[in-house]
Amino acid sequence: MKAIVLNHPLIQHKLSIIREKKTGTKEFREIIGEIATFLCYEAMSDADLKEIEIETPICSTKTKRLNEEKYAFVPILRAGTGMLDGLIKTIPNAKIGHVGLYRNEETLKPVRYYYKMPRDIQDREVIVLDPMLATGGSAIDTITMLKEDGVKKIKFLCIIAAPEGIKKLEELHPDVQIYAAAMDEKLNDMGYIVPGLGDAGDRIFGTK
Ligand code: PRP
Ligand code: URA
């Protein structure tokens with residue numbers, strides 16, 4: 001599946017604010033949440049709806065509703081949790097699992113430290129959240145763990161993706177649809193996305 005990159009002017013405008021290094025934690029966090037909401041709208045464009053009958057103040061009519069019980073969001077700790085509020089706004093009854101991973105700064109390989117999923121995760125469509133898709137290691141590891149747990153349908157939502165990360169994720173998990181607000185130029189020697197926005201976790205939580 002080809003990665004879907006949202007090139008909407010409003011998203012480009014919001015991205016321009018969070019890319020700027022002088023943007024503070026509060027604004028950075030708010031915009032990450034807003035872009036996450038836009039990504040969720042796009043990712044839900046193939047959602048199944050069930051027909052129900054309701055009463056409006058005027059008459060009875062048939063309408064369509066989402067089966068919210070079908071979904072789970074899985075943020076990759078830490079930075080993925082910054083996207084969570086934006087998604088919960090759109091599907092408030094989705095369940096939430098957490099995966100804890102950090103990149104070893106020398107090898108750039110993900111190191112696992114936490115994994116906790118809803119009991120019925122294998123019956124849900126899972127939407128994995130992480131603002132940055134750099135080498136792809138963190139996303140690939142998370143998706144592998146979810147598949148080992150029996151999850152059949154997975155989508156991956158990120159704010160900025162590097163071409164290297166998209167290529168690797170598409171190679172190893174071709175069934176997973178990637179949604180990104182932007183695809184940047186490349187990775188630098190330290191594994192950071194260029195031009196990117198720096199360390200997403202540090203900027204969301206104000207740790208540097
Ligand atoms: C960042 C980011 C991703 C990962 C992406 O996390 O949030 O999880 O790097 O890089 P990759 O595609 O090369 O794996 P980081 O390791 O900085 O941890 P943090 O979220 O706790 O800050
Ligand atoms: N993780 C980040 O937070 N930023 C990058 O540019 C790459 C990985």
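Residues numbered from 1 in each chain as written. Chains lettered and ligands numbered in written order. Predicted model: local features only at pLDDT ≥ 70, side-chain atom pairs only at ≥ 80, totals over all residues. Heavy atoms only, no water.

1. Side note on the site of ligand 1
Argument step 1. In the vicinity of ligand 1, 15 residues are found, and the nearest of them are R103, D130, T135, G136 and S138.
Argument step 2. Residue T135 places a side-chain N or O atom 2.5 Å away from an oxygen atom belonging to ligand 1.
Argument step 3. In the environment of ligand 1, an oxygen atom lies 2.9 Å from a nitrogen or oxygen atom belonging to the backbone of G136.
Argument step 4. Contact with the protein chains removes 91% of the 500 Å² of surface that ligand 1 exposes when unbound. (Near = heavy atom within 4 Å. Polar contact = N/O pair within 3.5 Å; in protein donor to acceptor, adjacent residues only side chain to side chain. Areas by Shrake-Rupley, 256 points an atom, 1.4 Å probe, with all protein chains shown as cover.)

2. Some points on the packing of helix α2 (residues 25-43) against helix α3 (residues 81-88)
Argument step 1. For the pair α2 and α3, interaxial distance at closest approach is 7 Å and the crossing angle is 55 degrees. Between α2 and α3, the crossing angle belongs to the class labelled oblique. α3 is crossed by α2, and the crossing has right-handed handedness. The segment α2 lies against α3, with I32, G33, A36, T37, L39 and C40 engaging G82, M83, G86 and L87.
Argument step 2. Its residues placed into classes, the contact of α2 with α3 shows six nonpolar, four polar and no charged. (Axes fitted to C-alpha atoms, helices over the stretch in contact; angles between N-to-C directions. Helix = DSSP H or I, 4+ residues; strand = E, 2+ residues; numbered from the N terminus. Parallel < 35°, antiparallel > 145°, perpendicular 65-115°, else oblique. Left-handed = near helix turned anticlockwise from the far one by under 90°. Contact = heavy atoms within 4.5 Å. Nonpolar A, V, L, I, M, F, W, Y, C, P; charged D, E, K, R; others polar.)

3. Details of the pairing of strand β10 (residues 153-161)
Argument step 1. Buried residues dominate β10, accounting for eight of its nine residues.
Argument step 2. Relative to β10, strand β8 (residues 125-129) is paired through five bridges, and the arrangement is parallel. When the sheet's bridge partners are listed, L129 is paired in β10 with L157.
Argument step 3. Of the strand pairs in this sheet, strand β9 (residues 132-133) and β10 are connected by two bridges, and their pairing is parallel. (Buried < 20%, exposed > 50% of the residue type's maximum accessible area, 1.4 Å probe, protein only. Pairing = 2+ DSSP bridges.)

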